[in-house]
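Here is what each chain is made of, one letter per residue.
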Amino acid sequence: MCTRVVWNTEHSNVYLGRNMDWFQDIQTNLWTQPRGLKRSGMTAENPLEWTSKHGSLIATAYELATADGINDAGLIACMLFLPETSVSPRDIAIPGLSISMWAQYFLDMCGSVAEVVEHASAGLFQLRMVEESQSGKMGTVHLAFTDKSGDSAIIECIEGDIHIYHDRRYIVMTNQPTFDKQLENLSQYRGFGGEKRLPGTHE
């Protein structure tokens, strides 16, 4: 499974790594995105519209979505698979944002994890699912953000509700289960609050 890991050093250096485990080639290309781009949320009705405040370097998935990226303020976004992702019925009174543009929106508009959390909490858009044409699978994903200070946040959409986990300690994330369950699982082990030995298995 995909995993994203952050290492905050004692000298305030921040290193981030992630692997991309997927069942087929996602045809990644690298793109530079200048600030000042006019964007659309890519929904049929009432798409969210914005103009990017930050430039970014991104890695695409199928040329349909921003899978990973870093912007000119040092904000990093990572998109990982999460099958539990689900959205609420469409309310066209709320601007729509395709899940394929979810990470890019934050890279365009935010310079820090704190700003990501602020935007994600504001209810500015309604997230919409999109099907990847080659695999036929829905884009069920969650997002991890890290900034140059080492701050981290995980954002998920479950049954249309946005769940935000914001803490510098949230430095590891995998695909599934949802992040609250990942934290619960971790807390069973020595060094993380529990008594179990660290397993040598996929747990």
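Everything below is about the structure shown above.
So, here's what we can say about the structure.

Cut-off values and rules
- Residues numbered from 1 in each chain as written.
- Predicted model: local features only at pLDDT ≥ 70, side-chain atom pairs only at ≥ 80, totals over all residues.
- Heavy atoms only, no water.
- Core = buried A, V, L, I, M, F, W, Y, C linked by side-chain atoms within 4.5 Å.
- Buried < 20%, exposed > 50% of the residue type's maximum accessible area, 1.4 Å probe, protein only.
- Helix = DSSP H or I, 4+ residues; strand = E, 2+ residues; numbered from the N terminus.
- Contact = heavy atoms within 4.5 Å.
- Pairing = 2+ DSSP bridges.

## Things to note about the nonpolar core
Okay, step 1: Ranked by internal contacts, the top residues of the largest apolar core, which has 33 residues, are Leu97, Trp102, Tyr105, Phe106, Phe125 and Phe145.
Okay, step 2: Elements supplying a minimum of two residues to this core: strand E6 (56-61), strand E7 (65-71), strand E8 (76-81), helix H1 (102-109), helix H2 (113-121), strand E11 (141-146) and strand E12 (152-158).
Okay, step 3: In terms of residues, this core owes the most to one element, H1, which gives six residues.
Okay, step 4: For Trp102, the residues in contact, after removing those within four places along its chain, are Leu97, Phe125, Leu127, Val141, His142, Leu143, Ile155, Glu156, Cys157 and Ile162.
Okay, step 5: Membership of the second largest hydrophobic core comes to 10 residues, among which are Cys78, Leu80, Tyr170 and Met173.

## Here we look at the side chain of Ser98
Okay, step 1: With respect to the secondary-structure elements, Ser98 resides in strand E9 (residues 96-98).
Okay, step 2: If we skip the residues at most four places from it in the chain, Ser98 touches Gly41, Met42, Thr43, Leu127, Arg128 and Val130.

## Brief notes about the pairing of strand E1 (residues 3-8)
For a regular strand, the rule is simple: side chains alternate between the two faces of the sheet.
Okay, step 1: Pairing between E1 and strand E2 (residues 14-19): six bridges, direction antiparallel. Looking at E2, one finds that Thr3 is bridged to Asn19.
Okay, step 2: As consecutive antiparallel partners, E1 and E2 are separated by five residues, and within that stretch Ser12 has a phi angle of approximately 70 degrees, a positive value.
Okay, step 3: Relative to strand E14 (residues 172-174), E1 runs antiparallel, the two sharing three bridges. Among the inter-strand pairings, Arg4 is bridged to a residue of E14, identified as Met173.

Structural measurements only, silent on function.
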